[in-house]
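# Observations on the three-dimensional arrangement
The residues making up each chain are set out below.
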Amino acid sequence: MDFNMKKLASDAGIFFTRAVQFTEEKFGQAEKTELDAHFESLLARADSTKNWTEKILRQTEVLLQPNPSARVEEFLYEKLDRKVPSRVTNGELLAQYMAEAASELGPTTPYGKTLIKVAEAEKHLGAAERDFIHTASINFLTPLRNFLEGDWKTISKERRLLQNRRLDLDASKARLKKAKAAEAKATLWNDEVDKAEQELRVAQTEFDRQAEVTRLLLEGISSTHVNHLRCLHEFIESQTTYYAQCYRHMLDLQKQLGSSQGAIFPGTFVGTAEPASPPLSSTSPTTTAATMPMGPSVADLASPGEAALRLEEVAPPASGTRKARVLYDYEAADSSELALLADELITVYSLPGMDPDWLIGERGNKKGKVPVTYLELLS
């Protein structure tokens with residue numbers, strides 16, 4: 001009991017001494033040991049890394065889960081060390097509603113058939129989103145959290161210890177200074193000065209040791225940046241894969257809707273005012289295709305087999321052909337289409353009655369339909 005009381009009294013005395021030293025420093029009444037410029041630079045770099053990591057982490061969480069209530073729920077599950085329940089994505093929920101609407105409104109009607117096709121595409125989009133969120137959470141969010149909850153807490157702890165050692169050191173310097181001043185006035189015995197000098201040597205040793213430990217941890221921020229850089233690359237890879245999957249699913253859906261729409265509303269086509277891919281040139285490809293001189297007809301390009309046969313028999317128009325550079329690889333969906341490789345040059349032209357989103361492409365002795373959004377038409 002006596003030992004514990006003495007220890008408590010000693011700890012209270014140390015705390016009080018540090019508090020006095022800290023207060024006097026703030027009021028400019030005590031000297032303060034300054035850290036070297038390199039050490040201060042390491043501290044500033046560490047603080048900046050921590051602050052930006054927190055901001056990037058929070059905003060990435062918002063990107064992956066825009067619903068704040070869902071984010072709070074996931075946070076609570078993680079803190080309770082429980083598995084986060086599987087949550088239906090917005091795309092999957094939309095797909096479910098569309099499928100149910102088609103079932104009730106008539107799955108064999110044009111509207112019902114289209115709802116089913118769109119529902120299937122939205123289901124694929126939702127699944128791709130789920131995979132993206134899962135991959136990004138593991139490869140990007142988790143390392144950032146591990147840094148903030150692991151390495152940064154260790155750095156903060158050692159920095160607090162360094163601050164305490166620095167306060168002890170400066171308090172020892174102040175006591176020695178007072179002891180020497182008292183000795184000069186012959187009001188203090190030499191052993192008091194010796195005691196103050198011994199305390200200063202111990203405080204200096206502990207401060208130097210703690211400064212070295214803290215410095216090594218701060219220099220480790222460089223390897224933290226390397227790790228975060230690797231995680232950032234993985235995040236971008238997963239994001240690229242996700243958007244590529246979405247683009248592919250929407251292209252497939254657009255093809256399906258284009259063929260069915262043509263049967264229901266002759267002379268119309270399904271598409272958007274802008275191409276699904278990035279802008280290809282200053283002139284809209286669909287507009288260019290629509291205004292190109294027309295050649296012989298392909299007789300509506302009925303079925304894939306018939307279209308392929310007729311395309312072989314069709315000669316390019318005497319005028320109105322153009323060169324086009326392929327922007328992206330394209331895999332032909334059937335024998336009526338021409339497979340494309342990025343950056344190759346092909347000859348293209350339009351035929352009467354063709355969907356404005358498509359052109360006839362020729363490469364050597366091969367020809368077939370090609371999507372305009374995959375081309376850059378050259379003058």
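Keep in mind the model is a prediction, meaning the values are calculated, not measured. (Residues numbered from 1 in each chain as written. Predicted model: local features only at pLDDT ≥ 70, side-chain atom pairs only at ≥ 80, totals over all residues. Heavy atoms only, no water.)

A count of helical and extended segments in the protein chain gives nine helices and five strands. When its helices and strands are written in sequence order, the protein chain yields α-α-α-α-α-α-α-α-α-β-β-β-β-β. Per-residue burial over the protein chain gives 33% buried out of 379 residues. Contacts in the protein chain between residues at least 24 apart in sequence constitute 69% of all its contacts with a sequence separation of at least 6. Looking at the protein chain as shown, the accessible area adds up to about 23,300 Å², and 57% of this sits on carbon and sulfur atoms. (Helix = DSSP H or I, 4+ residues; strand = E, 2+ residues; numbered from the N terminus. Buried < 20%, exposed > 50% of the residue type's maximum accessible area, 1.4 Å probe, protein only. Contact = heavy atoms within 4.5 Å. Areas by Shrake-Rupley, 256 points an atom, 1.4 Å probe, with all protein chains shown as cover.)

On to the pattern of salt bridges, then. Inspection of the entire model under this criterion finds 17 salt bridges. Taking the shortest distance from any N to any O, the salt bridge between D343 and R325 comes out at 3.1 Å. Here the residue D343 occupies a position in the loop between β1 (322-326) and β2 (345-349), and R325 occupies one in strand β1, the gap between them amounting to 18 residues. Its relative accessible area of 56% is what places D343 among the exposed residues. The structure contains a network of salt bridges with shared partners spanning E212, R215 and E219. (Salt bridge = Lys/Arg side-chain N within 4 Å of Asp/Glu carboxyl O.)

Let us look at the pairing of β2. Taking burial as the measure, the five residues of β2 include four buried ones, the bulk of the element. Pairing analysis gives four bridges linking β1 to β2, with the strands arranged antiparallel. Opposite K323, over in β2, you have T347 as the bridge partner. Bridge count for β2 against strand β3 (residues 358-363) is three bridges, and the pairing is antiparallel. Bridge pairing in β3 links Y349 to I360. (Pairing = 2+ DSSP bridges.)

Turning to the environment of G126, a few remarks are in order. Take G126: it is sitting in helix α5 (residues 110-184). A residue is classified by how much of its surface remains accessible, and G126, at 0% relative accessible area, is buried. Separated by 31 residues in sequence, G126 and A95 place their C-alpha atoms 8.5 Å apart. With residues near it in sequence (within four places) discarded, G126 still touches T89, G91 and E92.

This brings us to a nonpolar patch on the surface. Nonpolar side chains collect at one region of the surface, where V72, F75 and L76 lie side by side and expose about 290 Å² of accessible area between them. As for its position among the elements, L76 is in helix α3 (residues 68-79). Taking the relative accessible area as the measure of exposure, L76 reaches 46% and is therefore partly exposed. (Patch = residues over 30% accessible without salt bridge, like charges linked within 9 Å, V, L, I, M, F, W, Y side chains within 5 Å.)

Bridging between β1 and strand β5 (residues 375-377) involves three bridges; their strand directions are antiparallel. Bridged to R325 within β5 is E376.

This part takes up the environment of L144. Mapping L144 onto the fold places it in helix α5. The spatial distance from the C-alpha of L144 to the C-alpha of H228 is 7.3 Å, given a sequence separation of 84 residues. Once residues lying within four places of it in the same chain are set aside, the contact partners of L144 are T53, I56, L57 and H228.

Examined against the element boundaries, T142 turns out to sit in helix α5. Given the relative accessible area of 32%, T142 is considered partly exposed. When the C-alpha positions of T142 and L57 are compared, they lie 9.3 Å apart, and in sequence the two are 85 residues distant.

Within soluble globular proteins, side chains that are nonpolar tend to cluster in buried spots. Judged by nonpolar contacts, the single largest core of 33 residues is most densely connected at F39, F132, F140 and L218. The set of elements that each furnish at least two residues to this core consists of α2 (37-64), α5, α6 (190-219) and α7 (221-264). Looking at which element gives the most residues to this core, the answer is α5, with 15 residues. Setting aside residues no more than four positions away along its own chain, F132 makes contact with L64, F235, S238, Q239 and Y242. Core analysis: the next-biggest nonpolar cluster, separate from the first, contains 19 residues, L251, Y330, W358 and Y374 among them. (Core = buried A, V, L, I, M, F, W, Y, C linked by side-chain atoms within 4.5 Å.)

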